Amino acid sequence: GHFPRRVREDTRFVFVSRDLRAMDEPFLALVRSAMASVKKPTAFDVVYKDECQFCFDTPFSEGGLYVNLSSLMGVGHEFLDLDRTRTGNKLYLHLKFTKTKVDTKGDTDEHETPAAAVPTQMAIGTAGGFDVDESGKFEIAETYALVVFDDSDQGSNRGRSVSYDANVANDDLPFIVTDAIHAIVKHAGFHAQVETAAWREEIGESKYARGLKQTPATELTKVSPDSSKWVCVESNATDNLWLNLGDGHIGSGRQHWDGSGGNGGALRHYKAEKAKGHLFPLVVKLGTITPTGADVYSYATDEDDMVTDPLLSEHLAHWGINVMRMRKTEKSMAELQIDLNKGFEFDKITEAGKELVSVTGPDKIGLENMGNSCYLNSVLQVMKLVPLLRENYGEQVSGDIFKSLPSSSDPTTDFSTQMSKVITALTTDRYVAAPNDCDDAPQTSVSPRMFKRLVGKNHTEFSTGRQQDAVEYFQHLLEVMTRAEHSAGDRFAGSKKSLSEFEFEVEERVRCSVSGQVRYVTRRENVLPLEVPIEAVDNAMEVDHQKELKRQRVDGDGAKEDEKDEKEEKTVPTVPFEACLGMFAADEQGDDWHSTA
């Protein structure tokens, strides 16, 4: 019968079958002798038909992927013998997929970007977000084969196989085998089951919104519907303005790292009012107000983030703003973030517009975005360069790590196995493929999905698909790795524990200004936090000069000057690294600290 595949909506699949070879009695006898351990997966089982447990081979790899019909684990051709030794299994389903690029030139102009490909929201892997799968660009052909081994095949990856067409009923094979194969073929698979493939920026409701107190509105404090009359009370700035929903104050937004954005008048006003005992934490960005909503930010210390206000139209009406008559005149914060992620300022490090030479090879393997996993990818790309980690988990020890794993243990939940899998892939040329007709460039990346799930397991943040902090993940990974190495016992054969490569000592000297007594405190750290003192920029004159030129142009013909700004090379503030270190080591005055002297 026909069994449907779970596929991406906009990806085309072609099912390819070869002529079934006559299954002789010896072959069927082998299948019957091994079928007792065959397991039919249910919706509650995880089927690893997307990726090998020991390497990053997939059904698209040259050797395809073999799914153990007993454990439902996927294994690459190189590790077939290891898996058979560990599990004693003899029956496998071989998956071999190929993809062909779909010609879409007739659908759009050669230089035109399809509207569906342009991100409209801060999301990865969802409709309207950044596309990480190149969906719809390939046609995929799937082939399957049933592979059986006997005792004489031990030590060899060569078994006896027969092509299997999932769309044609097969009465020769035992039903228990065909039933399991059909269930595997139509199963969602590991990636779809446990990976959070889509991430969307989550904005919650402010706890202060429903009980927000607003001062009485007067003719002087009401906001004009004419956007040309909106100005910062403090600086007379006319862009990036935020209206305080509590008292009607209009102030400039915060300054960005490059000096753009605003002067922080709105935040200073909130702090000043808070010091007086007035709590007005909610502000709305003028220019983003429409009948469907607006950008709302909470300055409250327990929120300090973008929020939603379910009573926004009422709060704005209090200050004379009718949302039904408002139109958008400025980019929202989400749109500004999208612009940044689409290339703004990133061209400084990606050398956009320049002709680059593609490089590949060991240590030049990329990590694919699995749905906002940039923090994880960044940490792994740095850690793979540490010599001790390569010594403890690299290719030269991966075989021993895999073989020493007890047969009762799950390779996907074993840290040593998954860490070695990642380090080996990133530091060797195993996943550097030659250019082919399907891809524009060689395959030079892998997706550490098993590693991500393992390290993030039971963690309230790292187990999700939300945006995370790279430093926090780095420290969490060190904790997970340290626990795993201590519990590994004899399986860990490294000369030193990996944590030792990342720790250092920090000594603090505390001196009492009254008694003159001194105390020294030493602590171990794994991160050196450095603040960037913007006042220490060594090209302040150039930065200020460019700001002044931009201000003068804005006062003139802003539309034309915006085009000129895009073409001009921007002057980025530069801060000497020594200034950052100096700020870390500088003396601090502790006014509230009391000595025992």
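Residues numbered from 1 in each chain as written. Predicted model: local features only at pLDDT ≥ 70, side-chain atom pairs only at ≥ 80, totals over all residues. Heavy atoms only, no water.

Draft legend 1. Spatial organisation of the overall build of the protein. Looking only at helices and strands, the protein features 17 helices and 17 strands. Per-residue burial over the protein gives 39% buried out of 597 residues. Here the analysis covers contacts within the protein between residues at least 6 apart in sequence; of these, 70% occur between residues at least 24 apart. Carbon and sulfur atoms make up 50% of the accessible area of the protein, which amounts to about 33,800 Å² in all. (Helix = DSSP H or I, 4+ residues; strand = E, 2+ residues; numbered from the N terminus. Buried < 20%, exposed > 50% of the residue type's maximum accessible area, 1.4 Å probe, protein only. Contact = heavy atoms within 4.5 Å. Areas by Shrake-Rupley, 256 points an atom, 1.4 Å probe, with all protein chains shown as cover.)

Draft legend 2. Focus on the nonpolar core. In terms of nonpolar packing, the biggest core is built from 49 residues, with M383, Y393, F415, F451, Y473 and L477 touching the most fellow members. Only β2 (65–68), α2 (80–87), α9 (374–383), α10 (387–393), α11 (395–403), α12 (415–427), α13 (449–456) and α14 (470–487) provide two or more residues apiece to this core. With seven residues, α14 is the largest single contributor of residues to this core. Ignoring sequence-local partners within four residues, the contact set of Y393 consists of I401, F415, S416, M419, S420, I423, T424, M481, E485, F492 and S498. By size, the runner-up hydrophobic cluster in this structure holds 25 residues, among which are L28, Y144, V162 and V177. (Core = buried A, V, L, I, M, F, W, Y, C linked by side-chain atoms within 4.5 Å.)

Draft legend 3. Just the side chain of H269, in detail. Along the chain, the position of H269 falls in helix α5 (residues 265–275). For H269, a relative accessible area of 14% translates into the label buried.

Draft legend 4. Examining the pairing of β2 more closely. Burial along β2 is two-sided: the residues L65 and V67 and Y66 and N68 are all buried. Bridge count between β2 and strand β4 (residues 91–101): four bridges; the pairing is antiparallel. Each residue of the ladder has a partner; that of N68, found in β4, is Y92. Of the pairings in the sheet, the one linking β2 to strand β3 (residues 74–75) comprises two bridges and is antiparallel in character. Within β3, the position partnered with V67 by the bridge is G74. Linkage of β2 to β3, two consecutive antiparallel strands, is achieved through a turn of five residues, within which L72 is found at a positive phi near 65°. (Pairing = 2+ DSSP bridges.)

Draft legend 5. Expanded view of the sheet that holds strand β9 (residues 241–244). An order of β10-β9-β11-β12-β13 is seen for the five strands of this open sheet, with the pairing classed as antiparallel. Each edge of the sheet is formed by a strand with only one pairing partner; in this case those strands are β10 (250–252) and β13 (305–307). Within this sheet the neighbouring strands show an average axis-to-axis angle of 40°, counted without direction. Examined bridge by bridge, β9 and β10 share three bridges and lie antiparallel to one another. By the bridge assignment, L243 is partnered in β10 with I250. (Axes fitted to C-alpha atoms, helices over the stretch in contact; angles between N-to-C directions.)

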